[in-house]
Amino acid sequence: MYTDKVLDHFANPRNVGAIEQADGVGTVGNAKCGDIMQIYLKVENNIIQDVKFKTFGCGAAIATSSMATEMVMGKTIEEALKLTNRAVMEALDGLPPAKVHCSLLAEEAIQAAIEDYQKKHSSE
Amino acid sequence: MNRIYLDNAATTPVSQQVLDKMLPYFRQEYGNASSIYQTGREARKAVDTARRQAAAAINAKVQEVYFTAGGSESDNWAIKGAAFALASKGNHIITTSVEHHAVLHTCQWLEKQGFDVTYLPVDEYGRVTAAQVEQAINDKTILITIMAANNEIGTLMPIAEIAKVAKEHKVLFHTDAVQCMGAVPVDVTQWGVDMLSLSAHKFHGPKGVGLLYIRSGVKIDSLIHGGAQERGKRAGTENLPGIVGFGEATELASSKQQENARRLTLLRDELIEGLLRTIPHVRLNGHPTERLPGNVNVSIQYIEGEAMLLRLDMAGIAASSGSACTSGSLDPSHVLLAIGLPHEIAHGSLRFSLSDESTQQDIDEVLKTLPGIVKTLRDMSPIFPEKEV
Ligand SMILES: Cc1ncc(COP(=O)(O)O)c(C=O)c1O
Ligand code: FES
């Protein structure tokens, strides 16, 4: 039911972990099935220098976290904010319909991490 | 890669002996059992033989055995058939909150037709007591339907005690024994049940064939109307190869039951103990001893079931989970919630179900593979308390 890309990102997830003294941290939970996704950002000169994730959830949740981190790595904040769950799904060659909500989690987690970064940044 | 199949509660492979018995009934003796010519008579004989085998295996009379298209049909027929036949006497049905969906959804549908259903809560192990059942009986109660063994957590219900209460109050008692054949003794007389469901594919028979035992004298309405098959109670040209397979599978399962249960109980307990010993933050779901010989169900905290299943599959091991993420719905297994597990613990559930084809090596392989998978996924989990590693 999963594409080869999803299985690859699930089996060999990119950018797993946490960043000490991250510039932004976003944690979102999906009330629907109780899954949690956490994104850590390191930002310099408005560019995402490093990004890591931790995810409690299904195979699709882990794969979309992994793919989403790859897609925002090295991007500007503005570019990263434009990341949609649709784009993440397309990059993974699609997800089963029952798993679309897991990809929303990835989009929301990145946005939450950026918001956290912007909040800290603006108060500096 | 050597594939290890530990999802026998979902389905089992058809055994060679059963398959060999079935094959001639596709091309050689393919007749309609209602026809009077030679191949029709052969078909009739084969159905009769299968019915004798099945009746003997559950200690019933031959005329009390009805073949159906599976466990779901048997459950539907028993429950709807009894409800409609007895509607003039009352409209109350008693069941439990941990039944298979074939029972639960049937009861929920009957509620829409005006029936009243009591879903008894279970204890932390997934059991109800006969006393609970007795308390729920009122003068409108027409049917009690309670499973003999739970398909998810393996817990055995006190069927004989519940049957006694049902009889004292003159209420019909149906049990879904789909998980029991070949695992525990299935004896309709000793249990004292009025109706009982079985499904062939759970004990090395073919998929799509079931049985409903209906005690002589018990009258329920038909579900499938048409021809006069199954003594006029269940229409449809007999599924000849399937029924032949059912008969052979029941005979094999009941003849091997004792030896099977003894061996599987040892493997089961070894797997349970091994998992509890090698993986921190694990709990056993279901009763420690009053459980199916082949059922292991654990919750592994801080990670999610589907992710474990995928990784196990990559290692060649097939199992199942009650996680919401595998259910296609938004909630984890109703059974795990009914025994009191919070959502996030139910999320991390894994079921390994053994059959007589399972081996010591299968168990060893799980114990070798799973701890590493758990560690990898916990390292990825934002809710795992790292300091406790
Ligand atoms: C306890 C129980 N009841 C009923 C069923 C349904 O049986 P079937 O798949 O033959 O319709 C199953 C298996 O799926 C089961 O485990
Ligand atoms: S995280 Fe539950 S379905 Fe994906």
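Residues numbered from 1 in each chain as written. Chains lettered and ligands numbered in written order. Predicted model: local features only at pLDDT ≥ 70, side-chain atom pairs only at ≥ 80, totals over all residues. Heavy atoms only, no water.

### Here's the deal with the overall build of chain A
Scanning chain A from terminus to terminus reveals 5 helices and 3 strands. Traced from its N-terminal end to its C-terminal end, chain A shows the element sequence α-β-β-β-α-α-α-α. Against the globule reference of 14 Å for 124 residues, chain A gives a C-alpha radius of gyration of 13 Å, in line with a compact fold. Out of the 124 residues in chain A, the part that is buried amounts to 51%. A sequence separation of at least 24 residues applies to 62% of the contacts in chain A between residues at least 6 apart. In the structure as shown, chain A presents an accessible area of about 5,600 Å², 50% of it carried by carbon and sulfur atoms. (Helix = DSSP H or I, 4+ residues; strand = E, 2+ residues; numbered from the N terminus. Rg over C-alpha atoms; globule rule 2.2 N^0.38 Å. Buried < 20%, exposed > 50% of the residue type's maximum accessible area, 1.4 Å probe, protein only. Contact = heavy atoms within 4.5 Å. Areas by Shrake-Rupley, 256 points an atom, 1.4 Å probe, with all protein chains shown as cover.)

### Here's the deal with the interface of chain B and chain A
Counting residues at the interface gives 20 residues for chain B, matched by 22 residues for chain A. For the pair chain B and chain A, the summed buried area comes to about 1,800 Å², and 69% of that belongs to carbon and sulfur atoms. Among the residues of chain B in contact with chain A, Leu330, Met380 and Pro382 of chain B are the three that bury the most area, contributing 32% of the side total. Put simply, chain B and chain A have 1 salt bridge between them. With a closest N to O distance of 2.7 Å, Glu306 of chain B and Lys99 of chain A form a salt bridge. Our count for the chain B to chain A interface comes out at 8 residue pairs in polar contact (both at pLDDT 80 or more). Looking at which element gives the most residues to the side of chain B that touches chain A, the answer is helix H10 (residues 305-314) of chain B, with 5 residues. A per-class count over the side of chain B that touches chain A returns 12 nonpolar, 2 polar and 6 charged. (Buried area = accessible area lost by both parts, 1.4 Å probe. Salt bridge = Lys/Arg side-chain N within 4 Å of Asp/Glu carboxyl O. Polar contact = N/O pair within 3.5 Å; in protein donor to acceptor, adjacent residues only side chain to side chain. Nonpolar A, V, L, I, M, F, W, Y, C, P; charged D, E, K, R; others polar.)

### So, the packing of helix H2 (residues 59-72) of chain A against helix H5 (residues 100-122) of chain A
All names here are of chain A. For the pair H2 and H5, interaxial distance at closest approach is 8 Å and the crossing angle is 40°. Classified by the interaxial angle, the pair formed by H2 and H5 is oblique. H2 and H5 meet at a crossing whose hand is right-handed. Across the interface between the two elements, Ala60, Ala61, Thr64, Ser65, Ala68 and Val72 from H2 touch Cys102, Ser103, Ala106 and Ile110 from H5. Per-class residue counts for the contact of H2 with H5 are 7 nonpolar, 3 polar and no charged. (Axes fitted to C-alpha atoms, helices over the stretch in contact; angles between N-to-C directions. Parallel < 35°, antiparallel > 145°, perpendicular 65-115°, else oblique. Left-handed = near helix turned anticlockwise from the far one by under 90°.)

### Some thoughts on helix H5 (residues 101-112) of chain B
All names here are of chain B. Compared with the 16 Å implied by 1.5 Å per residue over 12 residues, the 16 Å span of H5 between its first and last C-alpha is a close match. Among all positions of H5, only Ala102, Val103, Leu104, Thr106, Cys107 and Leu110 are buried. Lining the buried residues of H5 we find helix H4 (71-85), strand S3 (92-96), strand S4 (116-120), strand S5 (141-145), strand S6 (172-176) and helix H12 (334-338). One or two positions beyond H5, positive phi appears at Gly114, with a value near 100°. (Expected span 1.5 Å × (residues − 1).)

### Thoughts on helix H14 (residues 360-379) of chain B
All names here are of chain B. Compared with an ideal rise of 1.5 Å per residue, which puts 20 residues at 28 Å, H14 spans 30 Å between its outermost C-alpha atoms and is within 8% of the ideal. Of all the bends in H14, the greatest reaches close to 25° and is centred on Thr369; the proline Pro371 follows between one and four positions later. Buried within H14 we find Asp362, Ile363, Val366, Leu367, Thr369, Leu370, Ile373, Val374, Leu377 and Arg378. (Bend = angle between axes of the 7 residues up to and from the residue.)

### Thoughts on the environment of Met73 of chain A
Residues and elements named next belong to chain A. With respect to the helices, strands and loops of the structure, Met73 is situated in the loop between H2 and helix H3 (77-81). Classification of Met73 by relative accessible area gives partly exposed; the value is 30%. Along the chain, Met73 and Val100 lie 27 residues apart, while their C-alpha atoms are 22 Å from each other. Each residue touching Met73, except ones within four places of it in the same chain, is listed here: Asn15, Ile48, Gln49, Asp50 and Val51.

### Comments concerning the site of ligand 1
Residues and elements named next belong to chain B. Around ligand 1 sit 13 residues, and of these Ser72, Asp176, Gln179, Ser199 and Lys202 come closest. Between His100 and ligand 1, the recorded distance is 3.3 Å, taken from a side-chain N or O atom to an oxygen atom. One of the side-chain nitrogen or oxygen atoms of Lys202 is found 2.9 Å away from an oxygen atom of ligand 1. In isolation ligand 1 exposes 390 Å². Once the protein is present, 85% of that is buried. In terms of residue count, the dominant contributor to the shell around ligand 1 is H4 (3 residues). Split into classes, the residues belonging to the shell around ligand 1 amount to 2 nonpolar, 8 polar and 3 charged. (Near = heavy atom within 4 Å.)

### Here's the deal with the sheet that holds strand S12 (residues 349-353) of chain B
Consider a sheet: its strands pair through backbone hydrogen bonds, and that pairing is either parallel or antiparallel. Residue and element names in this part refer to chain B. One open sheet holds the 3 strands; their spatial order is S9-S10-S12, and the pairing between them is antiparallel. Bordering the open sheet on either side are strand S9 (282-284) and S12, each of which pairs with just one other strand. Strand-to-strand, the axes of this sheet are offset by a mean angle of 25°, without reference to chain direction. Of the pairings in the sheet, the one linking strand S10 (residues 295-300) to S12 comprises 5 bridges and is antiparallel in character. Pairing of Val298 across the sheet is with Leu350, part of S12. On top of the sheet, H10 reaches S10 and S12; it is set at about 45° to S12, its chief contact. (Pairing = 2+ DSSP bridges.)

### Overview of the pairing of S3 of chain B
Residues and elements named next belong to chain B. Taking burial as the measure, the 5 residues of S3 include 5 buried ones, the bulk of the element. On S3, burial covers both faces: His92, Ile94 and Thr96 on one face and Ile93 and Thr95 on the other are all buried. Relative to S5, S3 is paired through 3 bridges, and the arrangement is parallel. Bridge assignment links Ile93 to a residue of S5, and that residue is Leu143. As paired strands, S3 and S4 are joined by 5 bridges and run parallel to one another. Following the sheet pairing, His92 is matched in S4 by Asp116.

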